[in-house]
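The residues making up each chain are set out below.
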Amino acid sequence: MTQHLADALPTPTGTQPGWWRDAVIYQVYPRSFADSNGDGMGDLEGIRSRLPYLRDLGVDAVWLSPFYASPQADAGYDVADYRAIDPMFGTLHDADAVIREAHALGLRIIVDLVPNHCSDQHEWFKQALREGPGSPLRERFHFRPGKGESGEQPPNDWESIFGGPAWTRVEDGEWYLHLFAPEQPDFNWEHAAVQDEFRSVLRFWLDLGVDGFRIDVAHGLVKAAGLPDLGRDEQLKLLGNQVLPFFDQDGVHEIYRKWRTVLDEYAGDRIGVAEAWAPNVERTALYVRHDELHQAFNFHYLTTGWDAAALRATIDASLDAMRPVGAPTTWVLSNHDVVRHRTRFGSLDRARAAALLMLALPGSAYVYQGEELGLPEVTDLPDEVRQDPSFFKANGQDGLRDGCRVPLPWSGDAAPYGFGTGGSWLPQPEEWAGLSVEAQTGDAGSTLELYRTALRIRREHADLGAGDAVEWLDAPEGVLMFRRGGFVCAANTTGDAVRIPGAPGTGAVLLASGPVVDPEVLPGDTAVWWQG
């Protein structure tokens, strides 16, 4: 049942226009951040209690992955009630406390919104099933008769992102569309009631004081007319490579124009952030035109390897695409859906260097919980503890997303390392004792202190943060080097030390991701910031 508060939060005061243009936004995965009640699952009170840590880290905003009422078929991305908190995370009063305390600490709160699909336990969907074929409520989803002599085949050949067909047949013979798990039926965004409902949901959370929304599957809301066949299998491989009949349809932009008018009704620069897998950065830029959303995740940067030439090409393309629409470019290395970049890049040295490179680029940066600790992917989780729904399917995602979702280590030398008092929902590796917040705090060579220092310099240096261009400097093969006013960043993506004669002028070293003995020699897999 939808929960209510007696009074709503006042809108934040003293806000700076365009704060999102250079914001560092920290992603909290609630079930894995901090557990306040000892049930092994992170919760809202745990998040509230650790907000001072995030303030001291130096981030500007906190993005919370879903905490809504949900059967948890897909870790909360199957929402049963968009105005209620799942009991495993707390209550609406707990959410209110998180927002209030964050604002008191100078942090903004962005919440996840899941508009492409809901849970099969959502009241609309349950009633649509009860009422059967012809029910008006079925028009709010994509119910269709099947193909074949008796309707025994799916209505088209679309595949679920999690594997298998994107259609499930119900007892009365009709099929419904779910681009993800069968427990996640897709909404029909051509229906006025769906559009009205989500504008109402936006206002509910904006009235509570949230500063914005990260929009899950922002590219998926509108499907091509007639739901045409794609005509091939292994469709997941096409994601992010071409426009598909179920993704990145032009009709989504009218939805976000209407949402922008809602956001603009509120003081304090409330924002929308698109999780939009588009074929290229030019298509991504369409989501952040002046009358649509404010930011879009830069998946093209996230998927670029540790290679100077490839990184430079992606950086240039990203900046070039966003400049005409006047939107900030975003930079991200990890999130709750991908292998942590320490593991993906092959070493902690590369992960640290990549962090300094990312934080030096113009625009907004995203930090996924635990990357500031240098956490690796957990690759040896037992099958019996995994919960990623795609792990149990064929031909979908690899199903190994649980490895980046293991709860954080806070303190102590034994699991659950201060996460809570009752274990953790996924087991933590023994070697994480040396990676805890407690173990790294005060150690000048630790990854945590590297992030703290980098975020402080980024905040204080006049030439860092917002912007739409870099000045590339000549550098040896395998090295990226650019200037931003009186600041210079160099990143060596090779495994060998490289000499950079005279680099970069006479400026002092501000920060390095690893030891630098000779200022003209850049060690392998190392990034350096200079005062240029």
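What this report covers is the structure whose coordinates are included nearby. (Residues numbered from 1 in each chain as written. Predicted model: local features only at pLDDT ≥ 70, side-chain atom pairs only at ≥ 80, totals over all residues. Heavy atoms only, no water.)

Glancing now at the nonpolar core. Membership of the largest hydrophobic core comes to 130 residues, with the highest contact counts inside it found for Tyr26, Leu54, Trp205, Phe213, Tyr256 and Trp529. Counting residues in each nonpolar core, the second largest holds 16 residues, with Phe162, Trp167, Leu177 and Phe180 among its members. (Core = buried A, V, L, I, M, F, W, Y, C linked by side-chain atoms within 4.5 Å. Buried < 20%, exposed > 50% of the residue type's maximum accessible area, 1.4 Å probe, protein only.)

With that settled, the discussion passes to empty space enclosed by the protein. Under the criterion given, the structure shown has six cavities of 30 Å³ or more. Here the largest cavity defines a volume of roughly 70 Å³. Around the largest cavity, the lining is made up of 13 residues, and of these His341, Arg342, Ala351, Glu371 and Gly374 lie nearest the centre. Looking at the lining of the largest cavity, the elements with two or more residues in it are helix 9 (341–345), helix 10 (348–360) and helix 12 (447–460). (1 Å grid on protein atoms, 1.4 Å probe; cavity = no way out; pocket = protein on both sides within 12 Å on 5 of 7 lines; lining within 4 Å. Points joined across faces, edges and corners; volume = space filled by probe spheres on them. Helix = DSSP H or I, 4+ residues; strand = E, 2+ residues; numbered from the N terminus.)

This next bit is on the environment of Asp468. Relative to the elements of secondary structure, Asp468 occurs in the loop between helix 12 and strand 14 (471–472). Once the C-alpha coordinates of Asp468 and Leu319 are considered, the two residues, 149 residues apart in sequence, prove to be 5.9 Å apart.

What follows covers the side chain of Arg214. Mapping Arg214 onto the fold places it in strand 9 (residues 212–215). Once residues within four sequence positions are removed from consideration, Arg214 is found in contact with Trp63, Tyr77, Ile110, Val111, Asp112, Leu113, Val273, Glu275, Phe297 and His336. (Contact = heavy atoms within 4.5 Å.)

Note on sheets: strands pair through backbone hydrogen bonds, and any given pair is parallel or antiparallel. Taking strand neighbours across the sheet as the criterion, the five strands line up as 14-15-16-20-18 in an open arrangement whose pairing is antiparallel. On the outer flanks of this sheet lie strand 14 and strand 18 (509–512), each paired with one strand and no other. Sheet topology note: the strand 15 (residues 479–484)/strand 16 (residues 487–492) ladder contains six bridges and is antiparallel. Bridge pairing links Met481 to Ala490 in strand 16. (Pairing = 2+ DSSP bridges.)

Looking now at helix 12. The end-to-end C-alpha distance of helix 12, which contains 14 residues, comes to 20 Å, matching closely the 20 Å that a straight helix rising 1.5 Å per residue would cover. In terms of burial, helix 12 is largely enclosed, as ten of its 14 residues are buried. Every buried residue of helix 12 is listed here: Thr447, Leu448, Glu449, Leu450, Tyr451, Arg452, Ala454, Leu455, Ile457 and Arg458. (Expected span 1.5 Å × (residues − 1).)

The next point concerns the pattern of salt bridges. Applying the stated rule across the entire model yields 35 salt bridges. Of the charged contacts, one joins Glu101 and Arg48 as a salt bridge, the two residues approaching to 2.8 Å between their closest N and O atoms. In this pair, Glu101 is assigned in helix 2 (residues 92–104) and Arg48 in helix 1 (residues 44–57), connecting sequence segments 53 residues apart. You can call Arg48 partly exposed: its relative accessible area is 22%. The partner of Asp229 in a salt bridge is Lys147, with the nearest N and O atoms 3.3 Å apart. (Salt bridge = Lys/Arg side-chain N within 4 Å of Asp/Glu carboxyl O.)

Each packed pair of helices is defined by two parameters, the angle between the axes and the distance between the axes. The interhelical angle for the contact between helix 4 (residues 192–208) and helix 5 (residues 252–264), taken along N-to-C directions, is 25°, at an axis separation of 10 Å. By the angle between their axes, helix 4 is roughly parallel relative to helix 5. Judged by the sense of rotation from one axis to the other, the crossing of helix 4 with helix 5 is right-handed. Mapping the contact onto sequence places Gln195, Phe198, Arg199, Leu202, Arg203 and Leu206 in helix 4 and Lys258, Trp259, Val262 and Leu263 in helix 5. Taken together, the residues that form the contact of helix 4 with helix 5 break down as six nonpolar, one polar and three charged. (Axes fitted to C-alpha atoms, helices over the stretch in contact; angles between N-to-C directions. Parallel < 35°, antiparallel > 145°, perpendicular 65-115°, else oblique. Left-handed = near helix turned anticlockwise from the far one by under 90°. Nonpolar A, V, L, I, M, F, W, Y, C, P; charged D, E, K, R; others polar.)

With that settled, the discussion passes to the environment of Arg340. With respect to the secondary-structure elements, Arg340 resides in the loop between strand 12 (330–332) and helix 9. The class for Arg340 is buried, based on a relative accessible area of 1%. In this structure the C-alpha to C-alpha distance between Arg340 and Val378, which are 38 residues apart in sequence, comes to 8.9 Å. Setting aside residues no more than four positions away along its own chain, Arg340 makes contact with Ser334, Tyr368, Gln369, Gly370, Glu371, Leu375, Pro376, Glu377 and Cys404.

Packing of helix 10 against helix 12 brings their axes to within 10 Å, and their N-to-C directions diverge by 10°. By the angle class used here, helix 10 and helix 12 are roughly parallel. Two secondary-structure elements touch here, helix 10 through Leu348, Arg352, Ala355, Leu356 and Leu359 and helix 12 through Thr447, Leu450, Tyr451, Ala454, Leu455 and Arg458. A breakdown of the residues in the contact of helix 10 with helix 12 according to their chemical character gives eight nonpolar, one polar and two charged.

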